[in-house]
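# Residue-level structure breakdown
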Amino acid sequence: MLSRTADHLFWMSRYMERAENTARMLNVSYETSLLPQSAAAVEAGWEGILSISELLPSYLSQYKNITPRDVMAFMVKNNNNPSSILSCLRAARENARAVRGTLTTEVWETQNQTWLEVNRMLKSGEFERDPGQFFEWVKFRSHLSRGVTVGTMLMDESLYFMRMGTFLERADNTARLVDVKFHAMQNDFFGAPNFGAGQRQGGPSAEIAEAVQEYDFYHWSAILRSVSGFEVYRKVYRDVIRPERVAELLILRPDMPRSLHASLNEVVANLKLVSHDAGSDTLRQAGRLRSELAFGRIDEILATGLHAYLTQFLERVNVLGVRISREFLMPQTV
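A brief report on the enclosed structure follows. (Residues numbered from 1 in each chain as written. Predicted model: local features only at pLDDT ≥ 70, side-chain atom pairs only at ≥ 80, totals over all residues. Heavy atoms only, no water.)

With that settled, the discussion passes to the overall build of the protein chain. If you tally the helices and strands in the protein chain, you get 17 helices and 0 strands. Here the protein chain, with 334 residues, has 53% of them falling under the buried criterion. By sequence separation, contacts in the protein chain at least 24 residues apart represent 67% of the contacts at least 6 residues apart. Surface accessibility of the protein chain: about 15,900 Å² in total, with carbon and sulfur atoms responsible for 52%. (Helix = DSSP H or I, 4+ residues; strand = E, 2+ residues; numbered from the N terminus. Buried < 20%, exposed > 50% of the residue type's maximum accessible area, 1.4 Å probe, protein only. Contact = heavy atoms within 4.5 Å. Areas by Shrake-Rupley, 256 points an atom, 1.4 Å probe, with all protein chains shown as cover.)

Dropping the structure here:
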């Protein structure tokens, strides 16, 4: 396969997945901002989204204050933000158009229709009227694109590069989502505090614990729903929602579709299918990262701090993406 064609397919899938994950991240922030909390906490939550997406300087160059309305507008429909949902859907469509002959009719029509429809929705003000419904629509179009791709594309290198792009992007975005929501609670997360003694004895500490647990339930429920993991959590753990178990589900569980472990499994599997060298450095690095997730323990991760772990993971995923580009995607011209 021509490296240029592979590059377009890889990035078409990455941009579509990025649009979905941006919608998921904005939706969970939108929902949690409606919970009873101080204005400072709400602002910190929205600032966290910009920071973890590395967009805070770009945002502040265009807006004076951090407000939910401005952040959502910046992340949804700002043409000057290359990571906005509108920009991602445009980039996905342009990459698809560049390799129109490689795609099935259904895949192209899905990408093209998504682009046309998002423009109509934004012009008609549907996003402002109901942000939650708009985010659900973005998720649905991404699901549709992925399903049509798997259901109609020939199982060859074209599909493998598309799948690789999807799951590499998913690993990056899931790590960012977990990091921004845990980091919003405190500077780092080393495990949940123990309120048991206060609850048994009664008094003010018990009331504080009860209030914290009530807030935690809605906070972590929103995070789980943002990755379609609420029902999965209930099925796997059959217990109250605990932060360390949320982290374990989204990082280490191979049977959770949007977890880091599941995403790396897919990246490695598709990388093997396109790699002609079983001992390539790119495949070795991907395999090492996957192995650490396969044999990792959540208590060991929390012992060093969740934020530190996820920051390092994001750096390694970025390096892996660069390696894949150099080995397979960039035109071999001097």
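This paragraph deals with the pattern of salt bridges. Pairs can form between side chains of opposite charge once their charged atoms are near each other. Across all of its chains, the model carries 23 salt bridges by this definition. Note that Arg258 and Glu17 form a salt bridge whose closest N and O atoms lie 2.7 Å from each other. Of this pair, Arg258 sits in the loop between helix H13 (243-251) and helix H14 (260-274) while Glu17 sits in helix H1 (residues 3-32), and the two are 241 residues apart along the sequence. Across the pair Arg24 and Glu20 runs a salt bridge, and its minimum N-O distance is 3.0 Å. Residue Arg24 and its partner Glu20 are located together in helix H1, separated by 4 residues, close to a single helical turn. Connected through salt bridges with shared partners, the residues Glu17, Glu20, Arg24, Arg146, Arg170 and Arg258 form a single ionic network. (Salt bridge = Lys/Arg side-chain N within 4 Å of Asp/Glu carboxyl O.)

At their nearest, the axes of H1 and helix H17 (residues 306-329) sit 9 Å apart, and the two run at 145 degrees to each other. Seen from H1, the contacting residues are Ser3, Arg4, Ala6, Asp7 and Phe10; seen from H17, they are Ile324, Phe328 and Leu329. (Axes fitted to C-alpha atoms, helices over the stretch in contact; angles between N-to-C directions.)

Enumeration according to the criterion identifies 11 aromatic pairs in this entry. Both rings, one in Phe10 and one in Trp11, keep their centres 5.6 Å apart while their planes meet at 85 degrees; by these two values the pair is edge-to-face. Residue Trp11 is classed as partly exposed on the basis of its relative accessible area of 22%. Through pairs of rings, three or more aromatic residues link up here, namely Phe127, Phe134, Phe135 and Trp137. If you follow Arg225 out to its NZ or CZ, it ends over the ring of Phe230, 4.0 Å from the centre. (Phe/Tyr/Trp six-rings, centres within 6.5 Å; stacked < 30°, edge-to-face > 60°. Lys NZ or Arg CZ within 6 Å of the ring centre and 35° of its normal.)

Glancing now at empty space enclosed by the protein. According to the stated counting rule, one finds 3 cavities of 30 Å³ or more in the structure shown. A volume near 130 Å³ is recorded for the largest cavity. Around the largest cavity sit 13 residues that line it, and Ser13, Ser145, Arg146, Thr149 and Thr166 are the ones nearest its centre. When residues of the lining of the largest cavity are traced back to their parent elements, those giving at least two are H1, helix H8 (131-152) and helix H9 (157-183). With 5 residues, H8 is the largest single contributor of residues to the lining of the largest cavity. Size it by volume and the second largest cavity reaches roughly 40 Å³. Lining the second largest cavity are Asn21, Arg24, Met25, Asn173 and Leu177. Examining the composition of the lining of the second largest cavity, we find that 3 residues originate from one element, H1, more than from any other. Looking at side-chain class alone, the lining of the second largest cavity contains 2 nonpolar, 2 polar and 1 charged residues. (1 Å grid on protein atoms, 1.4 Å probe; cavity = no way out; pocket = protein on both sides within 12 Å on 5 of 7 lines; lining within 4 Å. Points joined across faces, edges and corners; volume = space filled by probe spheres on them. Nonpolar A, V, L, I, M, F, W, Y, C, P; charged D, E, K, R; others polar.)

This paragraph deals with helix H5 (residues 85-98). With 14 residues, H5 extends 20 Å between its outermost C-alpha atoms, agreeing within 8% with the 20 Å of an ideal straight helix rising 1.5 Å per residue. Of the residues making up H5, those classed as buried are Ile85, Leu86, Ser87, Cys88, Leu89, Ala91, Ala92, Arg93, Asn95 and Ala96. Contact partners of the buried residues in H5: H1, helix H4 (68-77), helix H6 (105-124) and H8. (Expected span 1.5 Å × (residues − 1).)

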